[in-house]
Amino acid sequence: KSPTRFAVVMAVTSTSKSARRDEFVHRLPKIELHAHLNGSIRRSTLCELAAARGIDAAAAMLDSPTPQTLSEAFDVFRVIHACVTTLQDIERLAVELAYDLDDDGVVYAEIRTTPRALPASLAAQDAGTLDEYVEAVLRGFERYTCEQMGDKVGLRLILSIDRAKHTASDAQAIVDLALRFQTRGVVGMDLSGDPTKGEWANFEPALQRARLHGLKITLHAGEVRGRDDEMAAMLAFHPDRFGHCCFVSASNLALLKQSGVPIELCLTSNLLSNSTPSLERHHFRDHYTHVDSHAEQEECTVCCISTDDSGVFNSPLSNEFRLVMQTFALDQQQAFHLARRTLQATFLTRPRLDFPSEATNQLMREDD
Ligand code: 6MZ
């Protein structure tokens, strides 16, 4: 039997502990389940697009757009959206993100994005359609897949509803859009956007309908304080995954743990958005239980270590694993189990585990 990627990873023999850890997290086969396309923009691309639009990069702090609060993160998204204004840009972001994930040792990713009506290029007059936005993302993914030799990152798409900007009928239109692309790689729906705005009840009917048609659902939840009733209603909806869950009351936490719903945890994002006081006190510690055996693993919450917005928060997935290992004293075996368990939370259904990554397929076989 040829050595698995994990065996190769385990065989790494660097001298210093931190160099060894850096190499380990880079080579660890990772699954990214919570990454917003525009928030994952390369800083160099952001500066270049800003210059082409006459936006002063220094004034907009584009060279170092690290937010200090959640509200500042949303200011950065506004700047990004002012720079990423064409379908050409969207395609570029998608292809660059695919390469970045590949370089970082990610083997499978579900990327999410909020469809916007954008013109084809700066010279084009007409705003495009939402279908064209999704086409542009998929074209970017396809370009990567065609250009790349060897193991490729398996890519799927999730469409986001923006709770601060979209109406209930916009949400229904995005569900229709997702359904039109369901056979071309759209696997689910996400509810995101500024968590201080919008009402869950407005979006629930659209997401119920999406679910009836076989789309999976992930919900940003508990990103700010004072939304316990909303979290309770979201728990009653029982999505396929939750994102964040930073601020959860004791009763909701008990329900969350009972529910078995996997959670997407983004440490750097939460730290820089002020949603956790420190990495040490991040709620990863409330949910993570170290287990080795399969039987026991069924019992505890699946924690999906994710980046959220690797461009905005300047942290690739390998760095998130490094932080988890460092902060919570996980050894390589434990980090590997953590990464592999994320498989159970993807929006792929078993017969569709066909993404073109030998490394991931190897993991699949190990996981059976
Ligand atoms: C909530 C977030 C987010 O969709 O244009 N987004 N929503 N909480 C977060 N935590 C920091 N990070 C990103 O990517 C950018 C959009 O993703 C959502 C916001 O709606 C943001 O405008 P797309 O590709």
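For clarity, every value in this text was computed on a predicted model and none was experimentally measured.

Moving on: the layout of surface pockets. In this model, the largest pocket occupies a volume close to 710 Å³. Together, 38 residues line the largest pocket, and Phe74, His81, Asp162, Lys165 and Gly193 are the ones closest to its centre. Take the lining of the largest pocket: its biggest share by element is 8 residues, from helix α4 (residues 70-83). Classifying every residue of the lining of the largest pocket gives 13 nonpolar, 14 polar and 11 charged.

Taken together, 19 residues surround the ligand, and among them Asn38, His81, Thr113, Thr114 and Glu223 come closest. Take Gly193: an N or O atom from its main chain is 3.0 Å from a nitrogen atom of the ligand. The separation between a nitrogen atom of the ligand and a polar side-chain atom of Asp309 is 2.8 Å. The protein chains hide 99% of the 510 Å² of surface that the ligand would expose on its own. In a pocket analysis with a 2 Å cut-off to the grid points, the ligand is assigned to the largest pocket. The greatest single-element share of the shell around the ligand, amounting to 4 residues, is contributed by α4.

Here we take up the pairing of strand β3 (residues 154-162). Within β3, 9 of the 9 residues are buried, which leaves the element mostly enclosed by the surrounding structure. A two-sided burial pattern is seen for β3, the buried positions comprising Gly154, Arg156, Ile158, Ser160 and Asp162 on one face and Leu155, Leu157, Leu159 and Ile161 on the other. Where strand β2 (residues 106-113) lies against β3, 6 bridges are found, and the strand directions are parallel. Bridge pairing in β3 links Ile111 to Leu157. Following the backbone out of β2, through helix α6 (residues 130-147) and into the adjacent parallel β3, one traces a crossover that is right-handed. Examined bridge by bridge, β3 and strand β4 (residues 186-192) share 6 bridges and lie parallel to one another. Residue pairing for β4: Ile158 is matched across the bridge by Gly188. Taking the sense of rotation as the criterion, the β-α-β connection linking β3, helix α7 (residues 168-180) and β4 turns out right-handed.

The rules behind each value
- Residues numbered from 1 in each chain as written.
- Predicted model: local features only at pLDDT ≥ 70, side-chain atom pairs only at ≥ 80, totals over all residues.
- Heavy atoms only, no water.
- 1 Å grid on protein atoms, 1.4 Å probe; cavity = no way out; pocket = protein on both sides within 12 Å on 5 of 7 lines; lining within 4 Å.
- Points joined across faces, edges and corners; volume = space filled by probe spheres on them.
- Helix = DSSP H or I, 4+ residues; strand = E, 2+ residues; numbered from the N terminus.
- Nonpolar A, V, L, I, M, F, W, Y, C, P; charged D, E, K, R; others polar.
- Near = heavy atom within 4 Å.
- Polar contact = N/O pair within 3.5 Å; in protein donor to acceptor, adjacent residues only side chain to side chain.
- Areas by Shrake-Rupley, 256 points an atom, 1.4 Å probe, with all protein chains shown as cover.
- Sits in = over half its atoms within 2 Å of the grid points.
- Buried < 20%, exposed > 50% of the residue type's maximum accessible area, 1.4 Å probe, protein only.
- Pairing = 2+ DSSP bridges.
- Right-handed = clockwise from strand over helix to strand, strands pointing away.

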